[in-house]
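Single-letter residue listing:
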Amino acid sequence: MPKNLRTWLRDLEERIPGEPLRVSKMVKPASFEVSSILQQLEERGNLSAVLFDKPTSVNAKPSDYRLLSHAFTTREKLAVSLDLQDSNRVSLFEKYLETSRQRKKTEIVAPTEAPVKEVIIGEKSLDIGDLPIMRHNSMDGGPYLTPVVVAREPNGERYNTSWNRMMYIDSHHLAIYMSPRHLWTYFQEVEARQESMPIGVVLGHHMAFMLSASGLVPLDEDEYEVAGGLLGEPLRVVPSEAYGERLLVPADAEIVIEGEILPQRRTLEGPFGEFTKLIGPQRLSWLFRARAITHRHRPIMHSVFGAHMDHLYAHFPIEASIFQRVKQAITGVKDICWLRSGGSFHLVISMKKRTEGEPMRAAMAALSASNFIKHVFVVDDDIDPENAKDLMWAISNCCQADSDITVLHNIQGQLLDPSLRQETKGSGLIIDATRPLDRPYSPRAALPPEALEKIRLEDYISS
Amino acid sequence: MKIHYVNCPQCNKSFHCDANLLGLDIPLHCPYCDLYFDPEEKKEEQLPKGTAFMGLSRIDRKILYLPVQEKKRRTNV
């Protein structure tokens, strides 16, 4: 059977006892009921995936849809998605990078072989408000979808996949927010010709497919083929209802909304709680019009819980891609940490320095890899990059401000960074907290290992 | 991005928006009570010249899409 969201759930059940949690009671996602459940679980340290059997629609009616969230909250679940036994961070990086390089050509199947075509709703009958769309955080501008958007390059054959938040507006319209990356680049070209751009809004598939959408893949590569590499089998695609072979959509998806981003139209979008854990402001975003909805029987809609752990971990492929770029620049790099660094735009690099200047080069590679990175801290390989206390120790003991701190001006920032004073331009920071090589340096205080081994605490202290 | 806090005239709750929106001749949308309203405070000094990111050299009311129910409401008023 081709991989899909249901095979992922089966693997999850087998690998992680107790997951997913199932909620059989009726819940109202558009009235914060799902997000309230997810937040309370998170506060109790329970980061299990949750499958809601009876979510109501935006239109407040019982629906045939199910709703899945918290699919990315732990490294263990990422390991299930990538079919890896070990959930160590570097192992996950390496597995992601290895499989994403094994590009696989897509397989085009007939609509009769595509589960996503089990139910087809045409333009006249469709209503996006029939979906169980979550309101995530207080002040969200409306119910929000967190889909993977698929688009074919203008005048080409390649496909882009990307995560784009989409706000419910009415029966046929959503607002779509695009960062200035690949989808935005495609649309710039299409809009210049006064044309609309067909896209597929994918609301559930195997999590390896969903992860393919956040990797830092070059613009000239086909991200459907990257998804095939991550899945370990060709991605099966099928002509869309509204656009035929002009837009091929994933055949094994749970739900696809087909439609187009309209030229010379904008709409109000937001506020929305982003991965920064801040509520971004209301702004102008782009306008999407739906032309068809296709889905499986009893479909499972996937939703990332905005501004929470789930949202952060959905960015894992970016972290893996940054690891690759930094490692390519400096082979002595052992580990990096972005998602658990405690800062939305912080990166910690742990490395075995061989010559002076290497930390700076590693940091520059990270900054050039992604505009998600603003502040880079480079430490020796005895520091765990995920441990903020270790990091502070290194900055405190191995760093001199006049020579080890570099401020960079006029680099592209992240639009979701509220500290930016200009639309897209900001500054960067590099702190080299590695020990110098050009002079002897005090070792870390430690006991003789043999002395420590010889002493059994129980022999001296009764509990 | 510069932001600005506005109060909804219907529910009086506060939310924030891109400050550039206040220089445009467009309504804002209250996330709490769903009202579309024309903001009273216009920041003349912040009239936008268009934004490179949004890909439009000029932004005006005509490009703004309002939901079907809001269009009906405005027609009936």
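As shown above, the structure is provided for reference.
Residues numbered from 1 in each chain as written. Chains lettered and ligands numbered in written order. Predicted model: local features only at pLDDT ≥ 70, side-chain atom pairs only at ≥ 80, totals over all residues. Heavy atoms only, no water.

Focus on the overall build of chain B
Each helix and strand counted, chain B has one helix and five strands in total. Moving toward the C terminus, one meets the helices and strands of chain B in the order β-β-β-β-β-α. Here chain B, with 77 residues, has 44% of them falling under the buried criterion. When the accessible surface of chain B is totalled, it reaches about 4500 Å², and 49% of it is carbon and sulfur. (Helix = DSSP H or I, 4+ residues; strand = E, 2+ residues; numbered from the N terminus. Buried < 20%, exposed > 50% of the residue type's maximum accessible area, 1.4 Å probe, protein only. Areas by Shrake-Rupley, 256 points an atom, 1.4 Å probe, with all protein chains shown as cover.)

Remarks on the sheet that holds strand S21 (residues 375-380) of chain A
Residues and elements named next belong to chain A. Ordered in space as S19-S20-S21-S23-S22, the five strands form an open sheet in which the pairing is mixed. The open sheet has two free edges, formed respectively by strand S19 (333-337) and strand S22 (405-412), since each of these has just one partner strand. Between one strand axis and the next, the sheet turns through 20° on average, direction left out of account. The sheet contact formed by S21 and strand S23 (residues 425-433) spans five bridges and is parallel. Looking across to S23, one finds that histidine 375 is bridged to leucine 429. Here helix H10 (residues 358-369) sits on the sheet and contacts S19, strand S20 (346-351), S21, S22 and S23; the angle it forms with S20, its principal contact strand, is near 140°. Across the sheet, helix H11 (residues 388-398) lies against S20, S21 and S23, angled at about 75° from S23, the strand it touches most. (Pairing = 2+ DSSP bridges. Axes fitted to C-alpha atoms, helices over the stretch in contact; angles between N-to-C directions. Contact = heavy atoms within 4.5 Å.)

Looking at the interface of chain B and chain A
Taken together, the contacts link 30 residues of chain B with 34 residues of chain A. Roughly 2700 Å² is buried in total at the junction of chain B and chain A, and carbon and sulfur atoms are behind 60% of that figure. The tally of links between chain B and chain A comes to zero salt bridges. At the boundary of chain B with chain A, the tally comes to 11 residue pairs in polar contact (both at pLDDT 80 or more). For the side of chain B that touches chain A, the secondary-structure elements that each account for two or more residues are strand S2 (14-18), strand S3 (28-29), strand S5 (64-65) and helix H1 (68-76) of chain B. Sorting elements by how many residues they give to the side of chain B that touches chain A places S2(B) first, with five residues. Per-class residue counts for the side of chain B that touches chain A are 22 nonpolar, six polar and two charged. Here strand S14 (residues 255-269) of chain A pairs with S5(B) via two bridges, running parallel. The residue bridging A:Arg266 from the neighbouring strand is B:Leu64, located in S5(B). (Buried area = accessible area lost by both parts, 1.4 Å probe. Salt bridge = Lys/Arg side-chain N within 4 Å of Asp/Glu carboxyl O. Polar contact = N/O pair within 3.5 Å; in protein donor to acceptor, adjacent residues only side chain to side chain. Nonpolar A, V, L, I, M, F, W, Y, C, P; charged D, E, K, R; others polar.)

Quick look at empty space enclosed by the protein
All names here are of chain A. In this structure the tally under the stated criterion is two cavities of 30 Å³ or more. When its volume is computed, the largest cavity comes out at roughly 60 Å³. Residue lining of the largest cavity: Arg75, Leu78, Arg89, Tyr313, Phe316, Glu319, Leu339 and Arg340, and that is the complete set. Listing elements by their share of the lining of the largest cavity, those giving two or more residues are helix H3 (75-81) and helix H9 (316-329). Across the lining of the largest cavity, the residue classes break down as four nonpolar, no polar and four charged. (1 Å grid on protein atoms, 1.4 Å probe; cavity = no way out; pocket = protein on both sides within 12 Å on 5 of 7 lines; lining within 4 Å. Points joined across faces, edges and corners; volume = space filled by probe spheres on them.)

Looking at the environment of A:Asn155
Residue and element names in this part refer to chain A. Topologically, asparagine 155 is positioned in the loop between strand S7 (148-152) and strand S8 (159-163). When its relative accessible area of 70% is taken as the criterion, asparagine 155 is described as exposed. On a C-alpha basis, the gap between asparagine 155 and valine 190 in space is 9.6 Å, while along the polypeptide they are 35 residues apart. Here asparagine 155 is in contact with Glu189 and Arg193, once residues within four sequence places are set aside.

Things to note about unusual backbone geometry
Excluding glycine, most residues fall at negative phi; most peptide bonds, likewise, are trans. All names here are of chain A. The amide bond that connects glutamate 19 to the next residue, proline 20, takes the cis arrangement and shows omega of -5°. Within the element layout of this structure, proline 20 appears in the loop between helix H1 (5-15) and strand S1 (21-27). Note the cis peptide between glycine 270 and proline 271, where omega equals 0°. Relative to the assigned elements, proline 271 resides in the loop between S14 and strand S15 (272-273). Positive phi values are uncommon outside glycine, yet alanine 307 reaches one of about 70°. In this structure, alanine 307 sits in the loop between strand S18 (300-302) and helix H8 (309-313).

Digging into the layout of surface pockets
Residues and elements named next belong to chain A. Computed from the structure, the largest pocket encloses a volume of approximately 930 Å³. Looking at the largest pocket, it is lined by 44 residues, and the ones nearest its centre are Ser179, Arg181, Ile318, Phe372 and Gln414. Listing elements by their share of the lining of the largest pocket, those giving two or more residues are S8, helix H5 (182-192), H9, H10 and S22. Among the elements that take part in the lining of the largest pocket, S8 stands out by supplying four residues, more than any other. Of the residues assigned to the lining of the largest pocket, the class counts are 22 nonpolar, 17 polar and five charged. When residues of the lining of the largest pocket are assigned to domains, at least three fall in each of domain 1 (5-313) and domain 2 (316-432). (Domains from an automatic or database assignment.)

Brief notes about the pairing of strand S13 (residues 244-250) of chain A
Residues and elements named next belong to chain A. With four bridges connecting them, strand S12 (residues 236-240) and S13 associate as antiparallel partners. Looking at the pairing, valine 237 lines up with proline 250 of S13. The antiparallel pairing of S12 with S13 creates a hairpin that spans three residues between the two strands.

Quick notes on the packing of helix H4 (residues 89-101) of chain A against helix H7 (residues 223-231) of chain A
Residue and element names in this part refer to chain A. The geometry of H4 relative to H7 is characterised by a closest axis approach of 7 Å and an angle of 125° between their N-to-C directions. With respect to their mutual orientation, H4 and H7 come out oblique. For H4 against H7, the interelement crossing comes out right-handed. In this structure, H4 uses Tyr96, Thr99 and Ser100 to contact H7, whose residues at the interface are Val226, Gly229 and Leu230. Residues belonging to the contact of H4 with H7 are distributed by class as follows: three nonpolar, three polar and no charged. (Parallel < 35°, antiparallel > 145°, perpendicular 65-115°, else oblique. Left-handed = near helix turned anticlockwise from the far one by under 90°.)

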